[in-house]
Amino acid sequence: MRVIVTGGCGFIGSHLIRKLLDIKKIKILNIDKFGYASDHSNIDEKLVTCNQSNYHFQKLDLSNKEELISVVENFEPDLIMHLAAESHVDRSIDNPSEFISSNIIGTYNLLEASRNYFRQLDQHKRSKFRFHHISTDEVFGSLGELGQFSEETAYDPRSPYSASKASSDHLVRAWYHTYNLPIVVTNCSNNFGPWQFPEKLIPLVITKAINNEIIPIYGDGNNIRDWLYVEDHVDGLILAATKGTIGHSYCIGGYGEETNKNIVHKICNILDKERPANKSYRSLIKFVKDRPGHDKRYSINSKKIKEELGWDAHYGLDKGLEETVKWYLEHLDWVKKTLEKSNYEGERIGLKSS
Ligand code: NAD
Ligand code: TYD
């Protein structure tokens, strides 16, 4: 099996590649522009123990359509798993153009490269080929106190990030209906775990706390996310890509709903236990100006992927958080290096609109 993973130097993509490298007889091509949040050490760590000739990294921006067409053609993939995207809501508020370029135009270019390649295949290879588009639950908008997102929920994105992802989902479905490109889409809730760039809530809070800096909670802290440990997401991705029905989408969520306030409290509790300081880490919490257009609540109904493909989450929020905090405590050097090379110093972003 020959697999192209786009965005494999990102948080989820690097975990996916680690897991794919455990599968025998698989060749992987990782296409990534190597942006500010990219890192190769997660994969490097794994490559020490497996056959390196099964893995190849190509630094390439999806905006380069000509090069992309030739890379896809030359690699001859059976499967494309498309994760490359700008992924941080706050950055999308300050600089939406990068999101339009990578998430919409980038996906369009990859779809065209895939269509060009797919139409040259013989019948047997065509029947094996899949294009798996990895998306988010944020395309569905914001929930009130009740209800859950499912595959039937109408799209209602509210941030430049979620609108760009919704747009890419629509393009992928259009290439299925119009050109018969065999696609599968997954929409997942918030991921967390080791190797996540410290701009997203959980790694940012851990990093701030360890550095004895203010822990910022947006608004009143009562916004809710449905947290899923990254390894559980990766298991769902591999199932959907290999066993999912062509043309279908699958929602993946952890039944890990929690308010931001409680997530931060849980992290502080773990740190108080693992790395006690003079005062509880909770004393660093500060409620700060809310994010513009802040979605209130996300929650996923994962019934379809559970019943059709046998997926389930194994970690749970508390176990996953404990593992994650411990991992960051053991990898303070990685955090420091990653922040240095990205030019991000933990400053508040996403307020340029106001
Ligand atoms: P990430 O920001 O950690 O990694 C994204 C990677 O994509 C980076 O290495 C970046 O360099 C690469 N990339 C971006 N634009 C590119 C371009 N134009 N050309 C080539 N490479 C490009 O993101 P992540 O958290 O790993 O998310 C991966 C995917 O999963 C995204 O599509 C995201 O929308 C989706 N997703 C993420 C979450 C989450 O909680 N993190 C949840 C659901 C879905
Ligand atoms: P984030 O990790 O950016 O993911 P997303 O916006 O894609 O859900 O944010 C998760 C939640 O945490 C979101 O409600 C915003 C909130 N948040 C804070 O309260 N403080 C922070 O410093 C950050 C980065 C996020």
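See the structure shown above.
Just so you know, these numbers come straight off a predicted model, no measurement behind them.

**Student:** How should I be thinking about helix α13 (residues 332-342) in this particular structure?
**Tutor:** Since the α-helix advances by 3.6 residues per turn, residues separated by three or four positions end up pointing in the same direction. Inspection of α13 places Trp334, Val335, Thr338, Leu339 and Ser342 among the buried residues, and these make up the whole buried set. Buried residues of α13, viewed axially, fall in a sector of 125°; they line one side. Facing away from the buried side of α13, by more than 90 degrees, are the exposed residues Asp333, Lys336, Lys337 and Glu340. Immediately beyond the C-terminal end of α13, within one or two residues, lies Asn343, with a positive phi of roughly 65°.

**Student:** Looking at this model, I keep getting lost on the site of ligand 2. Mind explaining?
**Tutor:** If you check the shell around ligand 2, you find 17 residues, and the closest are Glu138, Leu201, Arg225, Arg291 and His294. Pro216 is positioned with one of its backbone polar atoms (N or O) 2.9 Å from a nitrogen atom of ligand 2. Here an oxygen atom of ligand 2 sits 2.8 Å away from a polar atom, N or O, in the main chain of Tyr218. Compared with its free state, where it exposes 510 Å², ligand 2 has 97% of that area covered by protein.

**Student:** When you look at the packing of aromatic side chains in this model, what are you seeing that I'm missing?
**Tutor:** For any pair of aromatic rings, the description consists of the separation of the ring centres together with the inter-plane angle of the planes. Applying the stated criterion across every chain, the model contains 19 aromatic pairs. Each ring, one from Trp327 and one from Trp334, has its centre 5.4 Å from the other, and the planes form 70°; the classification is edge-to-face. In this pair, the class of Trp327 matches that of Trp334, namely buried. Through a chain of ring-to-ring contacts, three or more aromatic side chains come together here, namely Phe140, Phe149, Tyr155 and Tyr298. Here the guanidinium or amino end of Lys304 rests over the ring plane of Tyr250, the centre of that ring lying 4.6 Å away. Lying over the aromatic face of Tyr218, Arg348 brings its terminal NZ or CZ to 3.8 Å of the ring centre.

What counts as what
Residues numbered from 1 in each chain as written. Chains lettered and ligands numbered in written order. Predicted model: local features only at pLDDT ≥ 70, side-chain atom pairs only at ≥ 80, totals over all residues. Heavy atoms only, no water. Buried < 20%, exposed > 50% of the residue type's maximum accessible area, 1.4 Å probe, protein only. Helix = DSSP H or I, 4+ residues; strand = E, 2+ residues; numbered from the N terminus. Arc of directions from axis to C-beta. Near = heavy atom within 4 Å. Polar contact = N/O pair within 3.5 Å; in protein donor to acceptor, adjacent residues only side chain to side chain. Areas by Shrake-Rupley, 256 points an atom, 1.4 Å probe, with all protein chains shown as cover. Phe/Tyr/Trp six-rings, centres within 6.5 Å; stacked < 30°, edge-to-face > 60°. Lys NZ or Arg CZ within 6 Å of the ring centre and 35° of its normal.

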